[in-house]
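Remarks on the overall topology
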Amino acid sequence: MISDETSDNVLSQLHISLCDLNQRGYDIEIGSGNLERIGLFISRFKPYSQVVVLADTNVRDNGYSDMVVRSLTDIGADVFVEVIRSGEQSKSVETAIKIWSDFLEVGIDRNSILVSVGGGVIGDLGGFVAAAYTRGIRFFQVPTTLLAQVDSSVGGKVGVDLPQAKNMVGFFHQPLGVLIDSDVLKTLPDIEYVCGLGEVAKYAVSLDAELFNMLETNADKVKARDSELIRFIVTKCCKIKGQIVEEDEFEKTGKRVLLNYGHTFAHVFEIVSKFTLPHGQAVAIGSIYAAKLAAELGITDKNFVDRQIKFHNSIGLPVELPEELFVTINWKEVIDLMQHDKKTESGKLRFVLPTKIGQCKVVNNVDPKNIYNLTGLSQNS
Ligand code: NAD
Ligand code: GLY
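Just so you know, these numbers come straight off a predicted model, no measurement behind them. (Residues numbered from 1 in each chain as written. Chains lettered and ligands numbered in written order. Predicted model: local features only at pLDDT ≥ 70, side-chain atom pairs only at ≥ 80, totals over all residues. Heavy atoms only, no water.)

Moving on: the overall build of the protein chain. In terms of regular secondary structure, the protein chain is built from 16 helices and 12 strands. What you see for the protein chain is a C-alpha radius of gyration of 20 Å, in line with the 21 Å of a compact globule of 381 residues. For the C-alpha atoms alone, the extent of the protein chain along its principal axes is close to 65 × 45 × 40 Å. Counting contacts in the protein chain only where the partners sit at least 6 residues apart, residues at least 24 apart contribute 72% of the total. For the protein chain, the computed accessible surface area is about 16100 Å², with 50% contributed by carbon and sulfur atoms. Between the centroid of the 39 positive side chains of the protein chain and the centroid of its 49 negative side chains there is a distance of 4 Å. (Helix = DSSP H or I, 4+ residues; strand = E, 2+ residues; numbered from the N terminus. Rg over C-alpha atoms; globule rule 2.2 N^0.38 Å. Contact = heavy atoms within 4.5 Å. Areas by Shrake-Rupley, 256 points an atom, 1.4 Å probe, with all protein chains shown as cover. Lys, Arg positive; Asp, Glu negative; His and termini not counted. Charge placed at Lys NZ, Arg CZ, Asp CG, Glu CD.)

What follows is the structure, encoded as structure tokens:
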């Protein structure tokens, strides 16, 4: 069960607790100025030996990893800092090996804690590194992008990409906790804000009609990055995701898979772009393709597709692949790659498709012909 509690000062703290994960339950703390207080949160997990702070170059250059290190040092922690190059290309086995080698060199042991400070790349990579090192050390999430705050930091899916398959190697490894600082979003470039909105739109369109209606009505505020609204969105998305993760932590019952609207297309678009198309944009574009596929299959209608396109346009989300990718994309390769996606079983195409605003379902065994029909190409071209 998800429980939440807001302290007297509305701008201060909100706690969301994932209580139904047996001993793996944890709190999500949302508030202003949280980064400077991280020591208080980490000290709850004493005893530990060293605390590793993992960040990327942008996060370091914005001063966020330093803030975390200062707060941890203030509580007397022995801190080791690991900084990697920013970008999806770093979410690789090679980067993990480099980090594990550094750990060995400085004597990180089984009783250490890894703190991921950054976007989804740092969260997924840090969790992967932690889950495998000495067969598992504890880790803590400090998400600093909108995408990571609304999605990737919650739920314990951690992993790295292979060049031909996104998120293909990984674990379910729940964090000790998630500490969200609303202030850090102020430095987030517009393009990364839009990426976060890609996942927000996913929740709204496929899972929560109330959230969709609210965002549709307040599109101008969303676009203007209204801070009150962003706090509401982060809280709402964490609750939606937390509830689903509690119901189906290991994606076994058909519930958690519904978090993947647009993702079968998105993962392949990321691969064919050689990971230059950011995940959040790929999800936004992928969900429009999924909506069109649903209409093609008669699961939803054209009005749904038009409404989603209008919604994306109103909040600055893309609806089509960037021109350079659109003109070069090889749809046969796209379909081949989709048949290797993690969610595919026995090579049969499987999608999460919308039925109406706020609802979706898994559709198995989709005929590749239906995907070609979306592209205006024939299966033989
Ligand atoms: P990212 O981690 O690459 O961050 C995007 C960019 O923003 C990077 O350049 C980063 O350095 C910079 N940045 C981070 N915080 C900043 C800040 N406060 N101010 C300025 N710049 C900042 O990408 P992302 O969009 O956060 O995450 C995408 C990744 O998340 C993908 O790999 C995707 O597969 C993964 N993901 C995982 C899950 C999950 O459940 N594990 C869910 C969704 C997405
Ligand atoms: N991002 C999909 C999941 O966490 O299940």
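This next bit is on the pattern of salt bridges. One pass over the structure, following the stated rule, counts 22 salt bridges. A salt bridge links Glu88 to Lys91; its shortest N-O distance comes to 3.8 Å. With respect to class, Glu88 is no different from Lys91; both count as buried. A salt bridge links Lys91 to Asp124, with the shortest nitrogen-to-oxygen separation between them at 2.9 Å. Residue Lys91 is found in the loop between β5 (78-84) and α4 (93-106), and its partner Asp124 is found in helix α5 (residues 120-132); the two are separated by 33 residues along the sequence. Here the two residues Lys91 and Asp124 agree in accessibility, since each one is buried. (Salt bridge = Lys/Arg side-chain N within 4 Å of Asp/Glu carboxyl O. Buried < 20%, exposed > 50% of the residue type's maximum accessible area, 1.4 Å probe, protein only.)

For helix α12 (residues 279-296), spanning 18 residues, the distance from its first C-alpha to its last is 25 Å, which sits close to the expected 26 Å at 1.5 Å a residue. Among the 18 residues in α12, 15 count as buried, and that is most of the element. Trailing α12 by a residue or two, Gly298 shows a phi angle of about 75°, which is positive. (Expected span 1.5 Å × (residues − 1).)

Taken together, the residues surrounding ligand 2 are Asp151, Lys157, Lys241, Glu251, Arg256, Leu259 and Asn260. For ligand 2, an oxygen atom lies 2.9 Å from a polar atom in the side chain of Lys157. Contact distances for ligand 2 include 2.7 Å between an oxygen atom and a side-chain N or O atom of Lys241. With the chains in place, 88% of the 200 Å² that ligand 2 exposes on its own is no longer accessible. Grouping the amino acids of the shell around ligand 2 by side-chain chemistry returns one nonpolar, one polar and five charged. (Near = heavy atom within 4 Å. Polar contact = N/O pair within 3.5 Å; in protein donor to acceptor, adjacent residues only side chain to side chain. Nonpolar A, V, L, I, M, F, W, Y, C, P; charged D, E, K, R; others polar.)

We now examine the site of ligand 1. Taken together, 28 residues lie near ligand 1, and Asp56, Glu88, Thr144, Thr145 and Thr187 sit nearest. Contacts to ligand 1 include Asp56, whose side-chain N or O atom sits 2.7 Å from an oxygen atom. The side chain of Thr145 places a nitrogen or oxygen atom 2.7 Å from an oxygen atom of ligand 1. For ligand 1, the protein covers 92% of the area, taking 860 Å² as the surface of the free molecule. Looking at the shell around ligand 1, the elements with two or more residues in it are α2 (57-61), α5, α6 (146-152), β9 (165-172) and α7 (190-207). Among the residues making up the shell around ligand 1, the classes are represented as seven nonpolar, 11 polar and 10 charged.

For strand β3 (residues 26-31), the buried fraction is high: five of the six residues fall into the buried class. As judged from the four bridges shared by β3 and strand β10 (residues 178-181), these two strands associate in the parallel manner. By the bridge assignment, Gly31 is partnered in β10 with Asp181. (Pairing = 2+ DSSP bridges.)

Averaged over every residue, the pLDDT of the protein chain is 94; the share at 70 or more is 95%. Overall, residues 7-12 carries pLDDT values under 50, and its contacts beyond four positions in sequence, including any with other chains, amount to 10 contacts. (pLDDT = per-residue confidence, 0-100.)

Right, let's get into helix α8 (residues 209-217). Along α8, the residues that are buried comprise Leu211, Phe212, Met214 and Leu215. Seen along its axis, α8 keeps its buried residues to an arc of 165°; they face one direction. Among the exposed residues of α8, those pointing more than 90 degrees away from its buried face are Glu210 and Thr217. Residues of α8 that are buried in the fold lie against α7, α9 (219-223), α10 (227-247) and α13 (302-315). Regarding α8, its N-cap is Asp208, as a side-chain oxygen of that residue lies 3.2 Å from the backbone nitrogen of Glu210 further along. (Arc of directions from axis to C-beta.)

With that out of the way, let us pick up the state of the cysteines. Here is the idea: a disulfide is a covalent bond, and it sits between the sulfur atoms of two cysteines. Within this structure, the stated rule accounts for zero disulfides. Cys237 supplies the cysteine sulfur nearest to Cys238, a cysteine that is in no disulfide, at a spacing of 7.2 Å. Classification of Cys238 as buried rests on a relative accessible area of 0%. (Disulfide = S-S within 2.5 Å.)

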